[in-house]
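# Overview (structure and organization)
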Amino acid sequence: MSIFEDTLDHYSTNNELSESNIYSKIIFALLAILLNLMTGSPIFPFLIFLLCSFLILYFAKIPLRFYATFMAIPLGFAILSGIFLAFLGTGEQIWTLGFGIGITKGGINQAMLVFFRVLGGVAALGFLILTTPMNRIFAIFHDLHVPAVITDLAILMYRYIFLFLDVTATMYNSQKTRLGYHNYMSWMKCLAALAGMVFIRTWEQGEISYKALASRGYNGQLNMIREGDSIKDVSIRDWILIILFVILSVFAIIKLGNWTIF
Amino acid sequence: MAQTILEVKDLHYNYPDGTQAIKGIDFKVEEGQMISILGPNGAGKSTFFLHFNGIIEPTSGQIIIEGEPLKYDKKSLLKARAKVGVVFQNPDDQLFAPTVYEDVAFGPMNMGLDEEEVRRRVETSLERVGMSEYAQKAPHHLSGGQKKRVAIAGILAMEPKVMVLDEPTSGLDPNGASAIMQLLYDLNADGMTIIVSTHDVDLVPMYSDNINVLRKGKILKQGTCREVFGDEKVIEDADLRLPWVGQIFEMLEQEDDIVFGDDGYPLTVADARETLLEKL
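The structure contained in this document is the topic of the report that follows. Every chain is numbered independently, its residues counted from 1 as its sequence is written. Each chain takes a letter, starting from A, and each ligand takes a number, starting from 1, following the order in which they are written. Given that the model is predicted, a residue must reach a pLDDT of at least 70 before its local features are reported, and side-chain atom pairs must reach 80 or more before they are shown or counted; all residues, however, enter totals for whole chains, interfaces and linings. Excluded from the side-chain calculation are hydrogens and water; included are all heavy atoms of the structure.

## Focus: the overall build of chain B
- Only DSSP runs of H or I covering at least 4 residues are called helices, and only runs of E covering at least 2 are called strands; the numbering of each starts at the N terminus. Each helix and strand counted, chain B has 12 helices and 10 strands in total.
- At 20 Å, chain B has a C-alpha radius of gyration in line with the 19 Å of a compact globule built from 280 residues.
- If one aligns the C-alpha atoms of chain B with their principal axes, the spans along those axes are about 65 × 45 × 40 Å.
- We call a residue buried when its accessible area falls under 20% of the maximum for its residue type, exposed when it is over 50%, and partly exposed in between, using a 1.4 Å probe and counting protein chains only. Expressed as a percentage of the 280 residues in chain B, the buried residues total 53%.
- Contacts are residue-level and defined by heavy atoms, with any inter-residue pair within 4.5 Å sufficient. Partitioning the contacts of chain B with sequence separation of at least 6, the portion at a separation of at least 24 is 63%.
- Here chain B has roughly 12,700 Å² of accessible surface; of this, 48% comes from carbon and sulfur atoms.
- Each charge class in chain B can be summarised by its mean position, and for the 28 positive and 46 negative side chains these summaries are 6 Å apart. The globule rule is 2.2 Å times the number of residues to the power 0.38, and the radius of gyration it is compared with is taken over C-alpha atoms. Here, Shrake-Rupley sampling with a 1.4 Å probe gives the accessible areas, and only protein chains in the shown set may cover a residue. In this charge count, Lys and Arg are treated as positive and Asp and Glu as negative; neither His nor the chain ends contribute. Working definition for charges: the position is that of NZ of Lys, CZ of Arg, CG of Asp or CD of Glu.

## Concerning the overall build of chain A
- For chain A, the helix and strand inventory stands at 9 helices and 2 strands.
- Its C-alpha atoms give chain A principal-axis dimensions of about 65 × 55 × 35 Å.
- Burial analysis of chain A (262 residues in total) assigns 41% to the buried set.
- A separation of at least 24 residues holds for 72% of the contacts in chain A among residues at least 6 apart in sequence.
- Counting every atom, chain A has about 15,200 Å² of accessible surface; 72% of that belongs to carbon and sulfur.
- Here chain A contributes 17 positive and 15 negative side-chain charges, whose respective centroids are spaced 5 Å apart.

## Notes on the pattern of salt bridges
All names here are of chain B.
- Salt bridges, as used here, are contacts in which a Lys or Arg side-chain nitrogen is within 4 Å of a carboxyl oxygen on Asp or Glu. Taken as a whole, this structure holds 17 salt bridges over all chains when the rule is applied.
- Notably, a salt bridge pairs Asp-231 with Lys-221, separated by 3.3 Å at the nearest N-O pair. Note that Asp-231 is positioned in the loop between helix H9 (225-230) and helix H10 (232-237) and Lys-221 in strand S10 (residues 218-223), a separation of 10 residues in sequence.
- Overall, Asp-231 belongs to the partly exposed group, its relative accessible area being 23%.

## Focus: the sheet that holds strand S7 (residues 162-166) of chain B
Residues and elements named next belong to chain B.
- Spatially, 6 strands are ordered S6-S7-S8-S3-S9-S10 in an open sheet, and the strand pairing comes out mixed. Taken across any chain shown, the strands that pair with only one partner, and hence form the sheet edges, are strand S6 (84-87) and S10. Each strand of the sheet is rotated relative to its neighbour by a mean of 20°, with strand direction disregarded.
- Any two strands are treated as partners once DSSP identifies two or more bridges connecting them. In terms of strand pairing, S7 meets strand S8 (residues 193-198) through 5 bridges, oriented parallel. By the bridge assignment for S8, Met-163 is matched with Ile-194. Lines are fitted to the C-alpha atoms to define the axes, a helix being fitted only along its stretch in contact, and any angle between axes, read from their N-to-C directions, falls within 0 to 180 degrees.

## Quick look at empty space enclosed by the protein
- A cavity here means a set of points on a 1 Å grid, drawn over the protein atoms and nothing else, where a 1.4 Å probe fits but cannot get out; a pocket is an open set with protein on both sides within 12 Å along at least five of seven lines, and a residue lines either one if it has an atom within 4 Å of a point. Grid points are joined across faces, edges and corners, and a volume is the space filled by probe spheres set on the points. In the structure shown here, the tally under the stated rule is 4 cavities of 30 Å³ or more.
- Taken as a whole, the second largest cavity holds about 40 Å³ of empty space.
- Around the second largest cavity, the lining residues are Thr13(A), Pro133(A), Met134(A), Asn135(A), Tyr158(A), Pro98(B), Gln136(B), Lys137(B) and Ala138(B).

## Digging into the packing of helix H7 (residues 148-177) of chain A against helix H8 (residues 184-215) of chain A
Residue and element names in this part refer to chain A.
- At a minimum axis distance of 10 Å, the contact between H7 and H8 shows a crossing angle of 140°. Considered as vectors, H7 and H8 are oriented oblique to each other. Classified by chirality, the crossing of H8 by H7 is right-handed. The residues of H8 that touch H7, namely those facing Tyr-160, Leu-163, Phe-164, Val-167, Thr-168, Met-171, Tyr-172 and Gln-175, are Cys-190, Ala-193, Leu-194, Met-197, Val-198, Arg-201, Thr-202, Gln-205 and Ser-209. Note on angle classes: values under 35 degrees are labelled roughly parallel, values over 145 roughly antiparallel, values of 65 to 115 roughly perpendicular, and the remainder oblique. With the far helix as reference, a near helix turned anticlockwise by less than a right angle produces a left-handed crossing, and one turned clockwise produces a right-handed crossing.

## Observations concerning the packing of aromatic side chains
- Here the aromatic set is Phe, Tyr and Trp, taking the six-membered ring for Trp, and pairing holds for ring centres within 6.5 Å; pairs whose planes are under 30 degrees apart are stacked, those over 60 apart are edge-to-face, and all others are tilted. Counted according to the given criterion, the structure contains 25 aromatic pairs over all chains.
- Judged by centre distance (5.9 Å) and plane angle (90°), the rings of Phe54(A) and Phe59(A) are edge-to-face.
- Given the relative accessible area of 42%, Phe59(A) is considered partly exposed.
- Ring centres 5.6 Å apart and planes at 40° place the aromatic pair Phe49(B) and Phe52(B) in the tilted group. Taken together, the positions of Phe49(B) and Phe52(B), both in helix H1 (residues 45-52) and 3 residues apart, correspond to about one turn of that helix.
- Taken together, the aromatic side chains of Phe46(A), Phe49(A), Phe115(A) and Phe116(A) make up a single cluster linked through ring pairs.
- In this analysis the charged atom, NZ for Lys or CZ for Arg, is taken to sit over a ring once it is within 6 Å of the ring centre and within 35 degrees of the ring normal. Stacked on the ring of Tyr58(A), the Lys or Arg Lys61(A) has its end atom at 5.7 Å from the ring centre.
- Its end group placed over the ring of Trp244(B), Arg241(B) keeps NZ or CZ at 4.1 Å from the ring centre.

## A closer look at the side chain of Ser208(B)
Residue and element names in this part refer to chain B.
- On the secondary structure map, Ser-208 appears in the loop between helix H8 (204-207) and strand S9 (211-215).
- Relative accessible area serves as the criterion here: at 4%, Ser-208 is assigned to the buried category.
- Polar contact criterion, stated in full: a pair of N or O atoms within 3.5 Å, where within protein one must be able to donate a hydrogen and the other to accept it, and residues adjacent in sequence count only if both atoms are side-chain atoms. There is a polar contact of 3.1 Å between the side chain of Ser-208 and the backbone oxygen of Met-34.
- A polar atom in the side chain of Ser-208 sits 3.4 Å from the backbone nitrogen of Asn-210.

## Here's the deal with the interface of chain A and chain B
- Facing the 34 residues of chain A at the interface are 36 residues of chain B.
- Here the buried area means the combined drop in accessible surface, using a 1.4 Å probe, for two parts upon being joined, counting both sides. For the pair chain A and chain B, the summed buried surface comes to about 3,200 Å²; carbon and sulfur atoms form 59% of the total.
- Contact with chain B buries area across many residues of chain A, yet Arg159(A), Arg216(A) and Ile225(A) alone supply 28% of it, more than any other trio.
- Summed over the shared surface of chain A and chain B, the number is 2 salt bridges.

## A closer look at the sheet that holds strand S4 (residues 60-65) of chain B
Residue and element names in this part refer to chain B.
- Strand order across the open sheet formed by 4 strands is S2-S1-S4-S5, with antiparallel pairing between neighbours. One side of each edge strand has no neighbouring strand; the edge strands of this open sheet are strand S2 (20-30) and strand S5 (68-69).
- Relative to S5, S4 runs antiparallel, the two sharing 2 bridges. Residue pairing for S5: Ile-64 is matched across the bridge by Pro-69.
- Sheet contacts for H1: strand S1 (4-14), S2 and S4; angle to S1, the most-contacted strand, approximately 125°.

## Regarding the packing of helix H6 (residues 144-156) of chain B against helix H7 (residues 174-189) of chain B
All names here are of chain B.
- At a closest axis distance of 11 Å, the pairing of H6 and H7 adopts a crossing angle of 15°. Taken together, the axes of H6 and H7 are roughly parallel relative to one another. In this structure, H6 meets H7 at a crossing whose hand is right-handed. Residues Lys-148, Arg-149, Ile-152 and Leu-156 of H6 form the contact with H7, whose participating residues are Ala-179, Ile-180, Leu-183, Leu-184 and Leu-187.
- Classifying every residue of the contact of H6 with H7 gives 7 nonpolar, no polar and 2 charged. Just so you know the grouping, Ala, Val, Leu, Ile, Met, Phe, Trp, Tyr, Cys and Pro go in nonpolar, Asp, Glu, Lys and Arg go in charged, and all remaining residues, Gly too, go in polar.

In short, geometric facts, not functional conclusions.
This is the structure:
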């Protein structure tokens, strides 16, 4: 099971908050994202980022290393868009690149706001993703009356992703054992063969999985038992914390207004 | 006399390309039996098993479940599948749900039982296979033996009359394989009718005394362990061998002229011990 040790799925099922009520987590994450978008100052999203990171690292006990890798990609995009935005502002340029392009105060402020909003938003979403096992999220689909066919497909895809990840890893290793991928042309050929074989395997797996499901009475719809929490089970403590969070946030948003660094 | 629960009459099956997979099998299962089907790879065991609950429709011949010939409309198939449960060889083919609990609940849910009954069955069957503490785990976080247990629980929860297992010990370590066979033996002792396919000749004699040898889509021989393993020609034809314990006694008899009785070689460690103690 070693290839699954360091995956998102592993951490989302094995952290200190996996078992806590999913509705508390979803309501908190959605509110945090919403409030994050309502602010005009980069300070508030930064506070959200700090709060969510604290929850993820201290309460859920997700390793810092993994959290850093998780945040790295969205952060990279945020920095890139920040740089572009800094050049797009109008007004007096404080630094000129030439060809009439330069950085303006307005641009920097806009860039900061967007960068920190991304940071805060991803951290809030990360809090939900990193602490919640996937199967709990499927239960929410059911409560939200998402069409059964979408939920069914999501459930089957979720299961078989891991199966085919395993198949792919095994085939990849066996190709490398026989000196595959040793130069560019071989790399191209091996990858093509791997992709083709995995595709054929998915086809075969589909046939046999259908037989196995049919053996247990499957007739076109996955009848799953309702598992997971109800919104009624959210504890009073959680409600109080969420309400407190909203009041403090609204207060902070009003206080900070459109306060900017420049 | 026990009631006949499953009967196969003159079963023939050809693959879509015309290859004959099953070439005329007559087979009868009585309530409470534990039957082993021994056969080499490619003998047609899996294909044969998928006829029992109507997943494969035979080219000719008949499947009779509890005296009723199997029909292939939706309703009859559903009924047949609740009576005859098939555990697939590779548990990854069978487990599909995000958690063990939901997977085991799938069969009973399809039978249209109410939720309370479904939960009761899921909990009892997980308890039975010793997987209760893994109920909330995802299948891809389990080991091979654990997946096998969950796959068995998924069928147990449907409370079928007959449980059919395709190579239940394949891919398991020796202890895991023995534990699964012991579980099946216990289930059988509690009244479940069980059909197992395998080519583990060392394990079979310990748990089952009703063996059918299947080769190239035909049943070569049916009988007790001693009858089947005593028939050298059948064993050789079916690419099987004597269990290791039997081979010791065969060598002692053939090379050293030490004969231990005339009703065949002992086939399990316990039998061997008894035979040796008698002789000494």
